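# Coordinate inspection notes
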Amino acid sequence: MIPWLFLKKQIESLFPKIQFDDKMENITDTVNYFKKGSKKYGNGYYYFIIHFHIYYLDQLRLYLEYIFKIKVAHLLVITVTGKKNKNFYKMIKSFENINLKILFFENEGYDILPFLKVLSILPKKDCLLAKVHTKNIRDKVTLEWINEGLRSILASDVYVESVIRSFDSDKSLLMLGSKKLYKNTKKFMYENEEFFCYMCSLLSNRKYTIDMNATGFFAGSMFWAKKSIFLELRDQMRDLKFENSIQNSGSDGSIWHAVERIFGMLPLFYGGTISTVDFSSTVDFKFAQNPRPSLLPVTHTF
């Protein structure tokens, strides 16, 4: 059998204008891996729902390995955005089944708007959601950030079962995520304060005094949560026609970055609590209720 790289170099030397796309080669491998992993879905029952949003395709295999290793029954809803990813979407769409849904949206609202849209197609009853999405890997810190977010959602079957038990046994628990990624809202508000405060005033239905020093959000928006706490926010944004906003600027001042911080407020609006998880090793973890949000930026966390 002729090694691929050797064959590639030989053909390129004969036909210099031919360009081989290493990324497509990797994506093809990933699609084959996806096809294999998708076969475990289809039992028709589940204990929780994973929303996995895909825009960046690099390191996609890493995300899929975390997701596919979980044997606890779940519904997997995948959203894909971006014209550049349309072919990838078509390649995996055929693997849909009763427990695996794959949707394509226009590239609007980062990972936030697709998440809010998905809420409308989920079962009407309240359920436990795990929110996961791809990130642009710029450096080692970003990669560690991604791994921490994924671990706080899908570390192992034992961990997932512990999370489910925590939500079942404590009805006031409405959101859970990584201790390392739970950041102080006031310190890391940046240019999002105006829309953040406006939406909070609508959602609370009363004058709500926000103790910004004690309020946090999960940087990177990977967390566990009950579906019900997001429904009013979704409806308010639809009524205000923000759902169709295409603010995808690279700066941190946008509607969608504000909503990321609003997510951390939602449990409080419903009289609930937030918990964090801290991993002392790959198998040992500890939950903490009503945690103090960190003042360290993500760049100094890892």
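Now for a description of the structure that goes with this document. (Residues numbered from 1 in each chain as written. Predicted model: local features only at pLDDT ≥ 70, side-chain atom pairs only at ≥ 80, totals over all residues. Heavy atoms only, no water.)

For the pair helix α8 (residues 193-204) and helix α9 (residues 231-239), interaxial distance at closest approach is 10 Å and the crossing angle is 115°. Judged by the angle between their axes, α8 and α9 are roughly perpendicular. Relative to α9, α8 is oriented so that their crossing is right-handed. Where α8 abuts α9, its residues F195, M199, L202 and L203 lie against E232, L233, Q236 and M237. (Axes fitted to C-alpha atoms, helices over the stretch in contact; angles between N-to-C directions. Helix = DSSP H or I, 4+ residues; strand = E, 2+ residues; numbered from the N terminus. Parallel < 35°, antiparallel > 145°, perpendicular 65-115°, else oblique. Left-handed = near helix turned anticlockwise from the far one by under 90°. Contact = heavy atoms within 4.5 Å.)

A few words now on the packing of helix α3 (residues 60-68) against helix α6 (residues 140-154). For the pair α3 and α6, interaxial distance at closest approach is 10 Å and the crossing angle is 15°. Relative to α6, the element α3 lies roughly parallel. Considering only the axes of α3 and α6, their crossing is right-handed. Contacts between α3 and α6 pair L62, Y63, Y66 and I67 from the former with L143, I146, N147, L150, R151 and L154 from the latter. Class assignment for the residues of the contact of α3 with α6 results in eight nonpolar, one polar and one charged. (Nonpolar A, V, L, I, M, F, W, Y, C, P; charged D, E, K, R; others polar.)

Glancing now at the pairing of strand β3 (residues 100-105). Bridge count between strand β2 (residues 74-81) and β3: six bridges; the pairing is parallel. The residue bridging I78 from the neighbouring strand is I102, located in β3. Running through helix α4 (residues 86-93), the crossover from β2 to the neighbouring parallel element β3 is right-handed. (Pairing = 2+ DSSP bridges. Right-handed = clockwise from strand over helix to strand, strands pointing away.)

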